[in-house]
Amino acid sequence: MKKVEIYTDGACSGNPGKGGWGAVLVYGKAEKEISGGEKETTNNRMELTAVIEALKLLKEPCEVLLTTDSKYVCDSVSKGWVYSWQKNGWKKADKKPALNIDLWQELLMLLKRHNVTFNWVKGHNGHPYNERCDSLAVQYYQNL
């Protein structure tokens, strides 16, 4: 399996509000930047979308180190919460409905294809790729 590093971030102006996402994919010495956004969204939706759109670019199953500043994304997968939500009819432990089900379903399909390790970094703390992803996300929604 090819080893790929992916860095992602989502940003919102208001929550909900205008939002953007950015990702950088690194394979060897090659880097690819992508971004997008929506006029009415939430920060968590943008965080998830960044991960999904980056993974969708991979043409074959890969071993992925995915670095994000989103505890929501990292913990939901790494701590198994999303799998419990799915098993329980998309209800959380407190019996309230899980949010962003459409995106979680899409991400879970991608996680079956790729071997993804999630790595959390503190946002706005000088990590070069995290800062770049944030810049891509903000730049995108500012142009909506």
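This write-up is about the structure you can find in this document. Bear in mind the structure is a predicted one, so any value in this text is a computation, not a measurement.

Conventions adopted
- Residues numbered from 1 in each chain as written.
- Predicted model: local features only at pLDDT ≥ 70, side-chain atom pairs only at ≥ 80, totals over all residues.
- Heavy atoms only, no water.
- Pairing = 2+ DSSP bridges.
- Helix = DSSP H or I, 4+ residues; strand = E, 2+ residues; numbered from the N terminus.
- Axes fitted to C-alpha atoms, helices over the stretch in contact; angles between N-to-C directions.
- Contact = heavy atoms within 4.5 Å.
- Buried < 20%, exposed > 50% of the residue type's maximum accessible area, 1.4 Å probe, protein only.
- Parallel < 35°, antiparallel > 145°, perpendicular 65-115°, else oblique.
- Left-handed = near helix turned anticlockwise from the far one by under 90°.
- Nonpolar A, V, L, I, M, F, W, Y, C, P; charged D, E, K, R; others polar.

1. Looking at the sheet that holds strand β5 (residues 115-120)
Within the open sheet, the 5 strands sit side by side as β3-β2-β1-β4-β5. Their pairing is mixed. In this open sheet, the two edge strands, each paired with only one partner strand, are β3 (30-41) and β5. For this sheet the average axis-to-axis angle between neighbouring strands, irrespective of direction, equals 20°. Two elements, strand β1 (residues 2-14) and strand β4 (residues 62-68), share 7 bridges in a ladder whose sense is parallel. Looking at β4, one finds that Y7 is bridged to T67. This element, helix α5 (residues 128-142), spans β1, β2 (17-27) and β3 of the sheet and lies at about 140° to β2.

2. Topic: the pairing of β2
Within β2, 9 of the 11 residues are buried, which leaves it mostly tucked inside the rest of the structure. Examined bridge by bridge, β1 and β2 share 10 bridges and lie antiparallel to one another. Looking at β2, one finds that E5 is bridged to V26. Between the antiparallel neighbours β1 and β2 lie 2 residues.

3. Looking at the packing of helix α2 (residues 71-78) against helix α4 (residues 101-113)
Where α2 meets α4, the closest approach of the two axes is 13 Å, and the angle between their N-to-C directions is 55°. Taken together, α2 and α4 sit at an angle that is classed as oblique. The two elements α2 and α4 meet at a crossing, and its hand is right-handed. Contact with α2, carried on its side by Y72, V73, S76 and V77, involves W104, L107 and L111 of α4 and no other residues of that element. Split by residue class, the contact of α2 with α4 holds 6 nonpolar, 1 polar and no charged.

4. Focus on the environment of K39
With respect to the secondary-structure elements, K39 resides in strand β3. The residues touching K39, leaving out its near neighbours within four places in the chain, are G17, K18 and L144.

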